[in-house]
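Descriptive structure summary
What follows is the residue order along each chain.
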Amino acid sequence: MENTVSADTYLDVMLRVNGSARRLRLDSRVTLLDALRDELDLTGTKKGCDQGACGACTVLLDGKRVLSCLTLAAQCEGREVTSIEGLATDGRLHPVQEAFIRHDGFQCGYCTPGQIMSAVALLQEGRAGSDEEIREFMSGNLCRCGAYPNIVAAIREVAGRGSD
Ligand code: FES
Ligand code: FES
């Protein structure tokens, strides 16, 4: 019988990445994270734990945040992927990016793309009503440098709740 799928099956996948259609031929097991970094040279999305525990790989899929290390690229056929490289428009940083700079929301910067993508989604989700809510809905994004207070301050400012 020829109906078994071998472990190394390759697939043609079309992703819409940061507004552009990208056609890829991929091993069916390739994650969205590896497709972005290794196939599309979009290395802004970081690989931390590669097992869903740190949030460094967060991107938006059809506007919702996902952990790209736990998402197969093949699942994203025809869908809209936004990575950190896609946030700026017309040469201007996204307001969340600007706020992270203003508030020193990073130190080594490794977790920062994931933090920013999560923050953008959190704001869209309407989850920035209080510092506690921000902390809760950013809790999947770990920062080994401990930049949390500044990250919360940056998000609070973009949410229009002041900057102190
Ligand atoms: S690299 Fe995906 S959650 Fe850590
Ligand atoms: S800024 Fe270094 S891990 Fe967050």
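To be clear, the structure that these remarks concern was listed above.
Residues numbered from 1 in each chain as written. Chains lettered and ligands numbered in written order. Predicted model: local features only at pLDDT ≥ 70, side-chain atom pairs only at ≥ 80, totals over all residues. Heavy atoms only, no water.

1. Describing the pairing of strand β4 (residues 64-67)
- Bridging between strand β3 (residues 58-61) and β4 involves four bridges; their strand directions are antiparallel. Paired with V59 across the strands is V66, a residue of β4.
- If you look at the hairpin formed by β3 and β4, you'll find two residues sitting between the two strands, and D62 has a positive phi there, around 50°. (Pairing = 2+ DSSP bridges. Helix = DSSP H or I, 4+ residues; strand = E, 2+ residues; numbered from the N terminus.)

2. As for the pattern of salt bridges
- With the rule as written, the count across this model stands at twelve salt bridges.
- Linking D27 and R29 is a salt bridge whose minimum nitrogen-to-oxygen distance equals 2.7 Å.
- Close ionic contact of E133 with R127 constitutes a salt bridge, the shortest N to O distance being 3.8 Å.
- Taking the relative accessible area as the measure of exposure, R127 reaches 33% and is therefore partly exposed.
- Several salt bridges share partner residues, and in doing so they unite D34, K47 and D50 into one network. (Salt bridge = Lys/Arg side-chain N within 4 Å of Asp/Glu carboxyl O. Buried < 20%, exposed > 50% of the residue type's maximum accessible area, 1.4 Å probe, protein only.)

3. Concerning helix α5 (residues 148-158)
- Listing the buried residues of α5 in full gives I151, V152, A153, A154, I155 and R156.
- Tucked into the core, α5 has its buried residues touching α2 (95-102), α3 (112-125) and α4 (131-137). (Contact = heavy atoms within 4.5 Å.)

Function-wise, these values are silent; they only describe arrangement.
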